[in-house]
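Inside the fold
For reference, the chains in residue letters:
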Amino acid sequence: MVLIEEAALGGWGQRDSARVWHPFTQHQWGESPIPLVRGKGAYLYDADGKAYLDLVSSWWTNLHGHGHPVLVEAIASQAATLDHAMFAGFTHLPAIQLCEALATALPEALSRFFFSDNGSTAVEVALKMAYQYWIQKDEPERQMFLAFEGGYHGDTLGAMAVGRGCGFHDPFSTLFCEVLITPHAATWENDLDVEAKEAAALNKLDELLEAYGDRIAAFIAEPLIQGAGGMRVCRPDFLNAVVAKVKAAGVLIILDEVFTGFGRTGTDFALNQLAFVPDLLCLSKGLTGGMMPLALTVATQKIYHAFWGDSISQAFLHGHSYTANPIACAAALASFQLLQREDCIQQRKTLEATHHEGLAYLKAAVSSLCAPRIIGTIAAWNVFDPATDYSHPAGKTLRKAALAQGLILRPLGNTLYLVPPYCMPSTALLQAYHTLGHLMQQSF
Ligand SMILES: *Cc1c(COP(=O)(O)O)cnc(C)c1O
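All values reported here derive from a predicted model rather than from experimental measurement.

**Some points on the overall build of the chain**
Within the chain one finds 14 helices and 16 strands. Radius of gyration (C-alpha) of the chain: 22 Å, near the 22 Å computed for a compact globule of 444 residues. Split into buried and exposed, the 444 residues of the chain put 52% on the buried side. Restricting the contact set of the chain to residue pairs at least 6 apart, pairs at least 24 apart contribute 72%. Summed over all atoms, the accessible surface of the chain reaches about 19600 Å², with 56% contributed by carbon and sulfur. Each charge sign in the chain was given a centre, from 29 positive and 42 negative side chains, and these centres are 3 Å apart.

Structure representation (structure tokens):
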């Protein structure tokens, strides 16, 4: 079967361009997508057998490498046993076991798990829960949301509204609910201005809370690092200070760990490095190790109980056809068990050490490099300007040059980053740093 498809590959590009509409793609530019036929470990392979090192973990989803035998087996055996069933009025062990396993790694207060299937829906669910919570608590005037400048929370309407500070969703702004944007104090290695930036951001927040504090339902944030907005890192104590102020105004806290969850920032979850527990937590991307679409919105008992009542209208009337798909749950459980293994913990430490070594080389080799930052398994830097400019051509130039060398990157304008799967061998990652160094020296 695979062989027949490969033999027919000559026509893939044309067949694709005749029928398929790709995400985040300007089709007028006519760039052909790479036809992939398989993945193994840290590599993806195209139709000609060329290997590509997956330096972005397939849009930040993959943790243990492609085609991991433990995950493949978990998926195959679950598919053969119970493929899918509706989750209203029915339940199954893969979902229950997954919630139990995650509960052991999360703060005790985060104890109720609501399933959906992608990061955006995990965010929508959290926003809707927070909004309805206040209606049921007889504070219906709490209708606004508060979010960080530069935050990204997905591409559905509610998620775009709270992500309006990242600027990707401008055409839709008239559709958005009311969202206040508060400054984020992005920082990097040897940043001399960090304290001034944090103080200014906290002052601005005070003003917003003074004016609107009793009208805000929830504050949503990507903890420690804002991903799509430009890999913008903040100090844990900055976020702690923001949340302390927001909480004092009675506002609910939503942490969007769709990107940061499952070991990305060096701890199981970014919240392990913070001094507070959110009311709601959003998880997706790495949840299944990058094998299946699945998401969770985790709530505290306080939120959950606010939805109890005599009437169905007090319940949370939200659900998706594929809620808690058993195959995806089985993949997530197997992935989480792998994540807890000593060898995987060691992989993450090695990855972080390798980033330090690789970035030290790049800093010395590339004069336009600025704002270097590493957090756990994520390394990022900018060229020319510490501020992210999504329309800057540098990223596109480097992405193409790297692809020709078998390296998959997905820069955000002038922000370049590496988010490898945890299984990536140090030698391959260091080699990638050196190749990038040469390409950057040639290009800018
Ligand atoms: C990717 C991402 C989302 C959206 O997830 P999708 O699965 O792409 O809908 C939401 N929040 C954060 C922080 C993300 O990185």
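Having seen the structure, we can now continue with the description.
**Comments concerning the pattern of salt bridges**
This model, assessed by the stated rule, comprises 12 salt bridges. For the salt bridge of K197 with D191, the shortest nitrogen-to-oxygen distance reads 2.8 Å. A relative accessible area of 27% means that K197 is categorised as partly exposed. Residue D191 is classed as buried on the basis of its relative accessible area of 10%. The salt bridge involving K302 is made with D279; its shortest N-O contact spans 3.5 Å.

**Regarding the environment of G30**
With respect to the helices and strands, G30 occurs in the loop between α2 (12–19) and β1 (36–40). Along the backbone, G30 and T174 are 144 residues apart, and their C-alpha atoms lie at a distance of 31 Å.

**Observations concerning the environment of F113**
With respect to the helices and strands, F113 occurs in strand β4 (residues 110–116). Given a relative accessible area of 16%, F113 falls into the buried group. In the structure, F113 is positioned 187 residues away from T300 in sequence and 9.1 Å away in space, judged by C-alpha atoms. In this view, F113 contacts C99, L102, A103, L106, L296, T297 and V298; residues no more than four positions away in its chain are not counted.

**Remarks on empty space enclosed by the protein**
Counted according to the given criterion, the structure contains one cavity of 30 Å³ or more. Quantified by volume, the largest cavity comes out at close to 30 Å³. In terms of lining residues, the largest cavity is bounded by W381, L398, L409, P411, L416, Y417, L418 and L436. At three residues, strand β16 (residues 415–418) tops the list of elements feeding residues into the lining of the largest cavity. Taken together, the residues of the lining of the largest cavity sort by class into eight nonpolar, no polar and no charged.

The rules behind the values
Residues numbered from 1 in each chain as written. Predicted model: local features only at pLDDT ≥ 70, side-chain atom pairs only at ≥ 80, totals over all residues. Heavy atoms only, no water. Helix = DSSP H or I, 4+ residues; strand = E, 2+ residues; numbered from the N terminus. Rg over C-alpha atoms; globule rule 2.2 N^0.38 Å. Buried < 20%, exposed > 50% of the residue type's maximum accessible area, 1.4 Å probe, protein only. Contact = heavy atoms within 4.5 Å. Areas by Shrake-Rupley, 256 points an atom, 1.4 Å probe, with all protein chains shown as cover. Lys, Arg positive; Asp, Glu negative; His and termini not counted. Charge placed at Lys NZ, Arg CZ, Asp CG, Glu CD. Salt bridge = Lys/Arg side-chain N within 4 Å of Asp/Glu carboxyl O. 1 Å grid on protein atoms, 1.4 Å probe; cavity = no way out; pocket = protein on both sides within 12 Å on 5 of 7 lines; lining within 4 Å. Points joined across faces, edges and corners; volume = space filled by probe spheres on them. Nonpolar A, V, L, I, M, F, W, Y, C, P; charged D, E, K, R; others polar.

Worth remembering: the numbers are spatial, not functional.
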